[in-house]
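Reading the structure
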Amino acid sequence: MNLIKNKNFLALAPFFLLLAAFGTYVGIALATNQTQYLTFDNLIGLLGRSIALGITAIGQTFVILIASIDLSVANLISVAAVLASYIMSGDTTMMVPAVIIVILVGVFVGAVNGLVVTQLEVNPLIATLGMALLLQGVLSALFTNFAGEVPKEFQVLAYGEIGGVSVSLLFLIALTALAWVFLKFTKVGSNIYSVGGNADAAKLAGLRTTRTIVLAHILCSVCATIAGLYLASRLGSGAPWIGRDGVYDLESIAVVVIGGTALSGGRGGVWGTLMGVMIFSLLDSIFNVAGVDAFAKQILRGVIIVAAVAFYAARSRRIEA
Amino acid sequence: MNLLKKINPVFIVLALLIIAIAVLSPHFLQPTGYMNFLKRAAPIVILAIGQLYVINSGGFDLSAGALVTLTVIGSSILLDGDPSATWWVIGVMFAIGIVVGCANALVVSYLKVPSIIATLGMMITLSGIALTWSGGAPRGYLPENFRFFGRFLIKDLPLIKILPVALIVMVVICALLWWLMHRTNYGKQLVAMGDNPYSARLAGVPLVRTRMIAFVVSALTAVMAGILLGGFAGVSTDVGVGLELQAITAAVIGGAQLLGGRGSVGATVAGALVLQAIFTLLNILGFPKPIRDVVQGLILISAVALASYRRRKSGG
Amino acid sequence: MKLSQFTLAAVVLSMTAVSAQAQNFDDPVEFAAQKAMLEATPNGSSDTPWLQHYGTEMADTSAYKKDGQRTICFSNAGVNNPWRVVGWNTMQAEVDLHDNIAEFVVTDAEGSDDKQIADIDDLLAGGSCDVLIVSPNTTAALTPAVERACEKLPVIVFDRGVNTSCPVTFIKPVGGYGFGIQSGQFIADNAPAGSDVLMLRILPGVDVLETRYSAAKRILEEAGMNIVGAEFTDGDRAKTKAIVEDYLQRGGQLGAVWMDAGATSVAAIEAFEDMGFDIPIVTGEDQQDFLQKWQAEGLTTIAPTYPTYQWRTPILAALSILDGEAIPGPAWNLPQPAITNDNLADFVNPAMPPLHYAACGCEGMPNYPERWGGK
């Protein structure tokens, strides 16, 4: 009985948090008489501000489900954006090759991350932080400025609309749905949950843990490169600092954790992550509408991350490191 | 030969690097060369020892860099160029350090949040506080007597010619923290806790208090590093970025084991100097600054991989 | 050393092919135009330099006339360096001088292109702006957002530019080429030929900064100087000092340090002092700590200015647009004086904080000097 109550509670918690955040947003908008923020366009736009974060966070979900973590995503985003815009150089015929190359880079980086974690048995925090440094160093050594440019056609990804809804938003929702289907209905997907929940038991049960972990890291890195492609589309060009500017590494972890996916692995999912993205987006907008200092947002973010993990971890009895 | 086997390889690596630098850049053998090297290295050495305390307890302190930045910005704003306020402002900064260290420890101990996340959250919070306090741009000014620790050189000495105050500060703190780690009961309890928290608790080690002291030490070293770095260059909003990672790398190079165990203060000092020496060597060889990140990333991964390989081989 | 230089050279060569297609920050025509402007006389009174302008081209704004209370919106790239802090204070003081500004709505992009694009979208969606002032974070990235804004309301761009001529006017001092010419020429005239020169830059991707660099580089190369490096400092003192110390450690004394912005010039000077070298020519800007160090040490140097009084002009331009009065456009070029040994004493003011910029045009404004941190 207790177990069922726990599971339901955890699954619904992010939803209640989202309702609370939304309620606060509406409340403040009404209280300060700024009802222009409550138009349908504006509300849709809320999620639209966080497309890159959303895409990255979907990837991060895979990795956290497997009880690992990926702190190299921010710099990988920069690499993807710069590479894409450099290869495209304004030429529409280079759009498809650029996208393919960039995604392959993502596969490579993810594979390296996964192998370092499984084969060299390096703590995932250190492994991915080391990778982040590597990526940043190589990128900054080769590029100090915006590199190349993205053709106008490619900017459809960021600015295009289908039937009044932005292409990017539809893309994010489609990606989330795809990820959900993968996790829920495929064998590999359920392996991710098993390995994340208890890697040793999974191995004893005959699951190929190494393969699953590496795959999760690859999925995470590929999502990061896709986010980089989106940003290149939005900014018109890629630069070595855009990943760091958006703090995508820490924010994607925060958003995943708020969405109910446990850092210890094995629990949670992508719809929770999407709700986490919305909650963060609402927070951003609440601060804007309330006229609070934009920097104070960051203080709140730090507190929220810790609070969210503490909240969900209150059920564990481990003596943590 | 037996003696060589017993010495931590980090000391040998350090010696080789120093020789390489001296050969490539004879200016290094002048007091202005090696003293400036040590002056630049002092903040990282101090920070690395603080990080070692937390690593030995079985955790990480990712908030150290943000605390360095907060110290520099906070001091600059509070002082606003007024030299008479220096001492109480430094006191305030140390007080903030103690609060941060305690907060980190309490979150880890009572809220059961892994130290990675707890200190990550603290890092974001601290940099948010620094940004809010300063409005995003450097403000205020650090007076000369505050900058004394990080910048002042005692001149006209026999033989060594100049002695940076930062070096004196570094030696004093190293000695203090070495004594605390290796000559007191506390040090033993710390290592025991990092090695195996369950058996440590059974053996009567007060986990919460031990952890708290470790995090407070780390935070205080961050404040001290902030004072030195603020002295070095003045007010800056970027000064602490990435420092906690450099500190972890230094500790790992020195042989500290992540997730608990065995690091020694002496080897950590050598590890920090090795890192600084590698950066210096890269600079002398003409490699652009981003290459340092690449090298640091590679070192970090290989050092940890190597340590974990050795641990597996020895059955630990 | 050879291997690293070779690899870098190969990469740079492969990149120049690409950068030729990217925007041109090294235009000899614009270079010559700004050089001429530096020597020309602006229209208007020199008591109010923020209202002066060069040339006679005006923009017709009669279509935008609106009576009554106005709402002015401002998308700020950020307040993330002391120059912008002074400018922002000055702009707010200007707003205080006018009664007919009902609301002054401001967004702060905190130095992020992505955020500024979202900010501008927010301001447009809000629907209450009569005129939009934009100080773009970087040039190319913000162009689509500004173009979208132009479709809905009159737009003023200032300080940094965008790659479109749709705004009513683009307000700036003479320009980046002019700034680079002033400091580059000083080094060329005062340092022996063949001297080692280190070029320090704060940020990439901003048109007015890129052109400072390209102009100075052109002049220094033509004068036979040996440019040993061009590094980015993020406008950060710690980074600046570390970079200069690294270069000194690697190659010994430098003949000059050219900086595209003066906020960290004192840090560069300290690097020489701490390493025991003489202080060579280190260019700066009108920040008080640099000016005071210059005066105290009797340095040989120059401080071109990018006057912060340009933050007053957009407010005045916005009000003129809404009054239907013609204003200089499509470009409004303000005077850009340089501080030399001759007029240094006019600008030094120990009562103002060290990070204050002297050419702020704020001396007569409400709340001076407290609003700017002075005593």
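Structure's up top.
In short, a report on the structure. (Residues numbered from 1 in each chain as written. Chains lettered and ligands numbered in written order. Predicted model: local features only at pLDDT ≥ 70, side-chain atom pairs only at ≥ 80, totals over all residues. Heavy atoms only, no water.)

**What about the overall build of chain C?**
Stated formally: Where helices and strands are cited, they refer to DSSP runs of H or I of at least four residues and of E of at least two residues respectively, numbered from the N terminus. Based on C-alpha atoms, the radius of gyration is set beside the globule rule, defined as 2.2 Å times the residue count to the power 0.38. With a 1.4 Å probe rolled over the protein chains alone, any residue whose accessible area is under 20% of its type maximum counts as buried; one over 50% counts as exposed, and the rest are partly exposed. In this analysis, two residues are considered to be in contact whenever any of their non-hydrogen atoms come within 4.5 Å of each other. Values of accessible area rely on a 1.4 Å probe in the Shrake-Rupley scheme; residue burial ignores everything except the protein chains shown.
The helix and strand inventory of chain C stands at 12 helices and 14 strands. For chain C, whose C-alpha radius of gyration is 21 Å, the value lies close to the compact-globule estimate of 21 Å for 375 residues. Here chain C, with 375 residues, has 62% of them falling under the buried criterion. Sequence-distant contacts in chain C: of pairs separated by 6 or more residues, those separated by 24 or more amount to 74%. For chain C, the exposed area adds up to about 13,500 Å²; of that, 51% sits on carbon and sulfur atoms.

**Observations regarding helix H15 (residues 296-313) of chain A**
Working note: α-helix, 3.6 residues per turn, so residues spaced by three or four point in the same direction. Condition: Here, expected helix span is obtained from the residue count minus one, scaled by 1.5 Å.
Here H15 of chain A is 18 residues long and its end C-alpha atoms lie 26 Å apart, about the 26 Å a rise of 1.5 Å per residue gives. Regarding H15 of chain A, the residues found buried are Ala 296, Lys 297, Gln 298, Arg 301, Gly 302, Ile 305, Val 306, Ala 308, Val 309, Ala 310, Tyr 312 and Ala 313 of chain A.

**Looking at the side chain of Thr 301 of chain C**
Residue and element names in this part refer to chain C. We count it as follows: N or O atoms within 3.5 Å of each other form a polar contact, as long as, within protein, one can give a hydrogen and the other can take it, and as long as residues adjacent in sequence are counted only when both atoms are side-chain atoms.
Its location among the elements puts Thr 301 in the loop between helix H10 (288-297) and strand E11 (303-304). On the basis of relative accessibility, which here comes to 2%, the residue Thr 301 falls in the buried class. For Thr 301, the side chain forms a polar contact with the main-chain oxygen of Val 282, separated by 2.7 Å. Residues in contact with Thr 301, not counting those within four places in the same chain, are Phe 186, Ile 281, Val 282, Thr 283, Gly 284, Phe 290 and Trp 294.

**As for the packing of aromatic side chains**
Residues and elements named next belong to chain C. This is how it is decided: Stacked, edge-to-face and tilted are the three classes for Phe, Tyr and Trp ring pairs, Trp counted by its six-membered ring, which pair at centre distances within 6.5 Å; planes under 30 degrees apart are stacked, over 60 edge-to-face, the rest tilted. In this scheme, the term charge over a ring applies when either NZ of a lysine or CZ of an arginine sits within 6 Å of the ring centre and within 35 degrees of the ring normal.
Going through the model one piece at a time under the given rule, you end up with 21 aromatic pairs over all chains. Taking 5.8 Å as the distance between ring centres and 35° as the angle between the ring planes, the aromatic pair formed by Phe 74 and Phe 158 counts as tilted. You can see Phe 74 sitting in strand E2 (residues 70-76) and its partner Phe 158 sitting in strand E5 (residues 155-158), a full 84 residues away along the chain. Here the two residues Phe 74 and Phe 158 agree in accessibility, since each one is buried. When the ring centre of Tyr 213 is taken as reference, the NZ or CZ atom of Arg 201 above it lies at 4.1 Å. When the ring centre of Phe 31 is taken as reference, the NZ or CZ atom of Arg 218 above it lies at 5.4 Å.

**Considerations on the sheet that holds strand E7 (residues 196-201) of chain C**
One key point about sheets: their strands pair by backbone hydrogen bonds, in either a parallel or an antiparallel sense. All names here are of chain C. We apply this condition: Note: two strands are recorded as paired if DSSP finds a minimum of 2 bridges between them.
An order of E8-E7-E9-E10 is seen for the 4 strands of this open sheet, with the pairing classed as parallel. A single partner strand is all that each edge strand has here, and the edge strands are strand E8 (226-232) and strand E10 (281-282). Judged from the 6 bridges that link them, E7 and E8 form a sheet pairing that is parallel. Bridging from a neighbouring strand, Val 197 pairs with Ile 227 of E8.

**Side note on the pairing of strand E6 (residues 169-173) of chain C**
Two faces make up the sheet, and in a regular strand the side chains alternate between them. Residues and elements named next belong to chain C. Buried residues dominate E6, accounting for 5 of its 5 residues. Residues Thr 169, Ile 171 and Pro 173 of E6 are buried on one face, and the alternating residues Phe 170 and Lys 172, pointing to the opposite face, are buried as well. With 3 bridges connecting them, E5 and E6 associate as parallel partners. The residue of E6 that forms the bridge with Ile 156 is Thr 169. Bridge count between E6 and strand E13 (residues 331-334): 4 bridges; the pairing is parallel.

**A word on the interface of chain B and chain A**
Cut-off, in case you're wondering: The term buried area refers to how much accessible surface (probe radius 1.4 Å) is lost by two components on association, counted for both of them together. In what follows, salt bridge is the name for a side-chain nitrogen of Lys or Arg lying within 4 Å of a carboxyl oxygen of Asp or Glu. As a working rule, the residues Ala, Val, Leu, Ile, Met, Phe, Trp, Tyr, Cys and Pro are called nonpolar, Asp, Glu, Lys and Arg charged, and the rest polar, with Gly in that last group.
At the interface, 47 residues of chain B touch 40 residues of chain A. Roughly 3,700 Å² of surface becomes buried between chain B and chain A when both sides are summed, with 78% attributable to carbon and sulfur atoms. Across the chain B-chain A interface, the total number found is 0 salt bridges. Remark: the boundary between chain B and chain A carries 1 residue pair in polar contact (both at pLDDT 80 or more). If you list the elements that add at least two residues to the side of chain B that touches chain A, you get helix H5 (86-110), helix H6 (115-134), helix H10 (197-202), helix H12 (243-253) and helix H14 (290-313) of chain B. At 14 residues, the largest contribution of residues to the side of chain B that touches chain A is made by H6 of chain B. When its residues are assigned to classes, the side of chain B that touches chain A shows 29 nonpolar, 13 polar and 5 charged.

**Some details on the state of the cysteines**
All names here are of chain C. Heads up, the condition is: Throughout, disulfides are identified as pairs of cysteine sulfur atoms within 2.5 Å of each other.
The tally for this structure, following the rule as stated, stands at 3 disulfides over all chains. Across the disulfide from Cys 360 sits Cys 362; the S-S distance is 1.9 Å. Judged by the sign of its S-S torsion, about -60°, the cystine formed by Cys 360 and Cys 362 is left-handed. Classification of Cys 362 by relative accessible area gives buried; the value is 0%. If the cysteines joined by disulfides in chain C are listed in sequence order, their pairing comes out as 1-2, 3-4, 5-6.

**Things to note about the side chain of Thr 273 of chain A**
Turning to its location among the elements, Thr 273 of chain A is positioned in helix H14 (residues 270-290). Setting aside chain neighbours within four positions, we find Thr 273 of chain A in contact with Ala 57, Ile 58, Thr 61, Val 255, Val 256, Gly 259 and Thr 261 of chain A.

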